[in-house]
Amino acid sequence: MKTALKWFAGLLGSLIALFLALFIGTRGEYPVERLVTDDPSLPSETVAGIQLHMRIVDGPTGAPTIFVLHGGPGGDFRSLQALDALSDKYRVVFYDQRGAGLSERVSADLLTLEGHLDELQAVVNLASPDQAPILIGHSWGAMLATAFIGQNPDTVRSAILIEPGYLDASGRTAWEAESATYMSGLHYIWQSVTTGFRAQHVPGPDAAAPDDFLFGHMVGVFTNHPDNPYHCGEGYTAPNWRFGALSSKTWRNASPTMVDQLGSKAAAFQGPVLLLAGECNEWLGALQTEHLTRFANADLMTIPSAGHDVVWDNPDGTLAVIRGFLHQ
C-alpha cells in the first residue's frame, strides 16, 4: 500500500511539475485582433441587433449586389477580398458572420443554422432591399448559401458555391471521418497541448479571445497538414483575422436534422448555380460532382493551381470563371 502511494505521489508530482513547466514555458505575447465592439475604426453595421464587421464596395449606380459568405463556421472574409474586383459591374458586400471574424460575439443559441439564415436575410434587406441578390459562398459559406436559396427559391438571382464541405448529415459524417486523419498523431496532440497553455496567457481584448486563439491556431494545424489536400503542397496560406471558437463548436454539435436542412430544398431553386472546385483538392474538390446533382440548373468548373480556398490561391483564374458565369 505504501509503495502504491509513493508511486501515486511521484506521478502526481511529475504531472504538477510538467504543468508548471508548460505554463511557464509558454508565457509570451499572443495578440488577438479586436472586434468591432471594441474598435470603432472597423467598418461595421448593426444587423438584427448584432454588430457585424462589414465592408461594402460600391459598383455602378443600380448595379446588382453580390453577397460574399465566408467559411468556417467561425472564419472571416479576409481571404476572399479579391472578389472586390467585381465592383466594376456589381456592388459587393463582405461581412463576418455573427460570432465570427471581427464581428460581435454572441451566445450559442444565436449561432444555429436558423440564426445564420435570419442574419443573411437581414443583411440582404439592408444592402439590397429592391433587387434579387447574388450569393458567393466559400466552404461553410457555400453550405449556408445552399440552405438560403432552398428556402428562398424565388428571391435569389444566382449562386456561386465554392467547395461546400457537405450538404446533409451523412455528408458531415464522411467529412468528420476524413478530417480526423488530419487531426491526430503526436504533432497534432502536442500542438493542442502547447496552444492550450498559450491560450491561458491571452488576456483579451475580450472574454472570447483565449478560445478564439486556441481554435484558430488548431484550424491552421489542420489545414496545413502535409497530407491535407486543402492546399497545393506548399501549405494553406489563406489569411484570416480571427476565428470564432463558439461558432465552430456550436455547429459541430448541430443535430443531424439541422444539418440535413442545408441541402434538403436545393432543387427548389431554378436559378443558375455555379459550383467551383480547386484542382489540387482531391477531397472536397472531387465531392462537388456529387453536389452538382442536387441542383436544378447547375454547372461545375475546376480552378487550376488552387486548393480549397480557390479565390486566394488563384484569384485571376477564379474571377475569370465567375465573370463568365455572371455575364452569360
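Since the model is a prediction, treat every value here as computed from it, not as a measurement. Per chain, residues are indexed from 1 in the order of the written sequence. The predicted origin of the model limits local features to residues at a pLDDT of at least 70 and limits the giving and counting of side-chain atom pairs to 80 or more, whereas totals for whole chains, interfaces and linings rest on all residues. Note that water and hydrogens are dropped before the side-chain values are worked out from all heavy atoms of the structure.

Some thoughts on the packing of aromatic side chains
Note the threshold: Here a pair means two rings of Phe, Tyr or Trp (six-membered ring of Trp) with centres within 6.5 Å. Their orientation is stacked below 30 degrees between planes, edge-to-face above 60, and tilted elsewhere. The numbering of helices and of strands both runs from the N terminus, where a helix is a DSSP run of H or I of at least 4 residues and a strand a run of E of at least 2. Accessible area is worked out with a 1.4 Å probe on protein chains only. A residue is then buried under 20% of its type maximum, exposed over 50%, and partly exposed in between.
As enumerated under the stated definition, the model contains 12 aromatic pairs in all. With a centroid separation of 5.4 Å and 35 degrees between ring planes, the pair formed by F77 and F94 is classed as tilted. Placement of the pair is F77 in the loop between β3 (65–69) and β4 (91–95) and F94 in strand β4, with a sequence separation of 17 residues. By relative accessible area, which is 1% here, F77 ends up buried. Its relative accessible area of 0% is what places F94 among the buried residues.

What about the nonpolar core?
Put simply, the rule is: As used in this record, nonpolar core signifies buried Ala, Val, Leu, Ile, Met, Phe, Trp, Tyr and Cys residues forming a set joined through side-chain atoms within 4.5 Å. What makes two residues a contact is simply this: any of their non-hydrogen atoms within 4.5 Å.
By size, the foremost hydrophobic cluster in this structure holds 41 residues, and its most contacted members are L113, V123, I149, L161, W251, L262 and F295. Of all elements in the fold, only β2 (50–57), β3, β4, α2 (113–127), α3 (140–151), β6 (158–162) and β7 (273–278) reach the threshold of two or more residues within this core. If you tally residues by element for this core, the top one is α3, at 8 residues. L161 has contacts with G137, A142, A145, T146, V273, L274, L275, L276 and F295, leaving out every residue within four places of it along the chain.

What about the layout of surface pockets?
Stated formally: Grid spacing is 1 Å over the protein atoms alone, the probe is 1.4 Å, and a cavity is where that probe fits but cannot get out, while a pocket is an open set with protein on both sides within 12 Å along at least five of seven lines and lining residues have an atom within 4 Å of a point. Grid points are joined across faces, edges and corners, and a volume is the space filled by probe spheres set on the points. For this scheme, ten residues count as nonpolar: Ala, Val, Leu, Ile, Met, Phe, Trp, Tyr, Cys and Pro. Four count as charged, namely Asp, Glu, Lys and Arg, and the remainder, Gly too, count as polar.
Roughly 1200 Å³ of volume is contained in the largest pocket. Forming the walls of the largest pocket are 49 residues, and the residues nearest its centre are G72, V219, F222, T223 and F243. Those elements that provide at least two residues to the lining of the largest pocket are α3, α4 (169–180), α5 (186–199), α6 (209–223) and α7 (245–252). The element contributing the most residues to the lining of the largest pocket is α6, with 11 residues. Looking at side-chain class alone, the lining of the largest pocket contains 23 nonpolar, 18 polar and 8 charged residues. Each pocket or cavity is described by its volume, and for the second largest pocket that value is around 150 Å³. Lining the second largest pocket are 13 residues, and of these Y166, G171, A174, L287 and E290 lie nearest its centre. Only α4 and α9 (284–292) provide two or more residues apiece to the lining of the second largest pocket. A per-element tally of the lining of the second largest pocket places α4 first, with 4 residues. Here the lining of the second largest pocket is composed, by residue class, of 6 nonpolar, 4 polar and 3 charged.

Distances and angles like these do not, on their own, reveal function.
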